[in-house]
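# Topology and contacts: notes
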Amino acid sequence: MTFRKTLLCLVIMLAGCAPTIPHGLGRVYDKKVYETLHTDEATRTDVLMTLGEPQYRLEEDRFFMYEWVVVYAWGYIPYGLPFPIYWPHYLCLEFTSDSFLIRREHFIGDMYGKPEKTIQKCTLMNQPEKTP
Amino acid sequence: MLRAIYLPIKLTVFVSLLVATIIGCWGTVQNFDQLSTSKYEGFIHDGNTTKKEVIDRLGPAHSIYENGKILIYNVYLKDGRMTLEGNYKCHALVLLFDEDNFLKRHRLIRYGCKNSEKEL
């Protein structure tokens, strides 16, 4: 466990922690919306017209990755401000060379995690392009 | 002693719920209703507006996709107008052009711009 996570656990134990109904913080991609993007039917254009611009454009737009944050609890340091305890969520989309969506996967990162690990999972490093 | 422990927990729950209510669910990415946004869009008309007109009026796009077939602008809605400058609630104006560079389809997507998260 990293120093950051240990410190966070200690702070929570010493202070207060309120579990909450998981909710987005800031911008959120709605499951109902992105599930309308069906593989082998939706195109890159449909994706952009539905979800807007991706946070990550990977391998010359073969992969798009959208990112948002879901809060599962709020911590509280006495006499301080509450802070969100969150996990980043990612939507990974893969396209064929003729722009059709062939893969749609939802990943949940590590608590307060960075996207690099998920980018690797999303792009399945060094894999040849799939055909539809 | 018990009271000293109980109060912060009670306050935590209350503040959490309050913050979650205020911040939590107001940033879902979705399409704006086309009818309600048409007033912001001015010169942008499917089938008529050309790519050159768009670039002349709005400047270079923030992002280009599909070899220039799709242009995306980060926009803000302010005082009933769509503007390119702002610092709050950034949206994506997605413009799809046909082979003759006429606007085929466009959509305004709430919180759909790349950097929206930082600005919310």
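Anyway, here's the lowdown on the structure attached to this text. (Residues numbered from 1 in each chain as written. Chains lettered and ligands numbered in written order. Predicted model: local features only at pLDDT ≥ 70, side-chain atom pairs only at ≥ 80, totals over all residues.)

### Things to note about the overall build of chain B
- Scanning chain B from terminus to terminus reveals four helices and six strands.
- In sequence order, chain B lays out its α and β elements as α-β-α-α-β-β-β-β-β-α.
- Each of the 120 residues in chain B was classed as buried or not, and the buried ones make up 27%.
- Contacts in chain B between residues far apart in sequence, at least 24 positions, make up 45% of those at least 6 positions apart. (Helix = DSSP H or I, 4+ residues; strand = E, 2+ residues; numbered from the N terminus. Buried ≥ 20, exposed ≤ 12 C-beta atoms within 10 Å, placed from the backbone. Contact = placed C-beta atoms within 7 Å.)

### Details of helix 3 (residues 44–51) of chain A
Residue and element names in this part refer to chain A.
- The element helix 3 is extensively covered by neighbouring structure, given that six of its eight residues are classed as buried.
- For helix 3, every residue scored as buried is listed here: Arg44, Val47, Leu48, Met49, Thr50 and Leu51.
- Directly beyond the C-terminal end of helix 3, a positive phi value near 80° is found at Gly52.

### Quick look at the pairing of strand 5 (residues 91–97) of chain B
All names here are of chain B.
- Here strand 5 lies mainly inside the structure; six of its seven residues are buried.
- Direction of pairing for strand 3 (residues 70–78) relative to strand 5: antiparallel, over a ladder of six bridges. Looking across to strand 5, one finds that Asn74 is bridged to Ala92.
- As paired elements, strand 5 and strand 6 (residues 103–110) share six bridges and run antiparallel to each other. In the sheet register, Ala92 faces strand 6, and the bridge partner there is Ile109.
- In this structure, the hairpin formed by strand 5 and strand 6 is closed by a connection of five residues, where Asn101 is found at a positive phi of approximately 65°. (Pairing = 2+ DSSP bridges.)

### What about the environment of Lys78 of chain B?
Residue and element names in this part refer to chain B.
- Checked against the element boundaries, Lys78 lands in strand 3.
- Taking the C-alpha atoms as reference points, Lys78 and Lys114, 36 residues apart in sequence, are found 19 Å from one another.
- Contact partners of Lys78, with chain neighbours within four places excluded, come to Thr83 and Gly86.

### Here's the deal with unusual backbone geometry
- The residue Glu60 of chain A is not glycine, and still its phi comes out positive at about 55°.
- Along the polypeptide, Glu60 of chain A turns up in the loop between strand 3 (56–58) and strand 4 (63–76).
- Exposure remark for Glu60 of chain A: the 6 C-beta atoms within 10 Å place this residue in the exposed category.
- With phi around 50°, Glu66 of chain B is a residue other than glycine that occupies positive phi space.
- Here Glu66 of chain B shows up in the loop between strand 2 (63–65) and strand 3.

### A closer look at the environment of Leu48 of chain A
- The topology assignment puts Leu48 of chain A in helix 3.
- For the pair Leu48 of chain A and Glu105 of chain A, spaced 57 residues apart in sequence, the C-alpha to C-alpha distance is 16 Å.
- With residues near it in sequence (within four places) discarded, Leu48 of chain A still touches Tyr65, Ile70 and Val94 of chain B.

### Regarding the nonpolar core
- Ranked by size, the top nonpolar core spans 38 residues in total, and within it Tyr66 of chain A together with Leu93, Val94 and Leu95 of chain B carry the most contacts.
- Taken together, the elements giving at least two residues each to this core come down to strand 2 (28–29), helix 3, strand 4 and strand 5 (82–95) of chain A together with strand 3, strand 5 and strand 6 of chain B.
- Among residues more than four places away in sequence, those in contact with Val94 of chain B are Leu48, Met49 and Gly52 of chain A together with Ile70, Ile72, His106, Arg107 and Ile109 of chain B. (Core = buried A, V, L, I, M, F, W, Y, C linked by C-beta atoms within 7 Å.)

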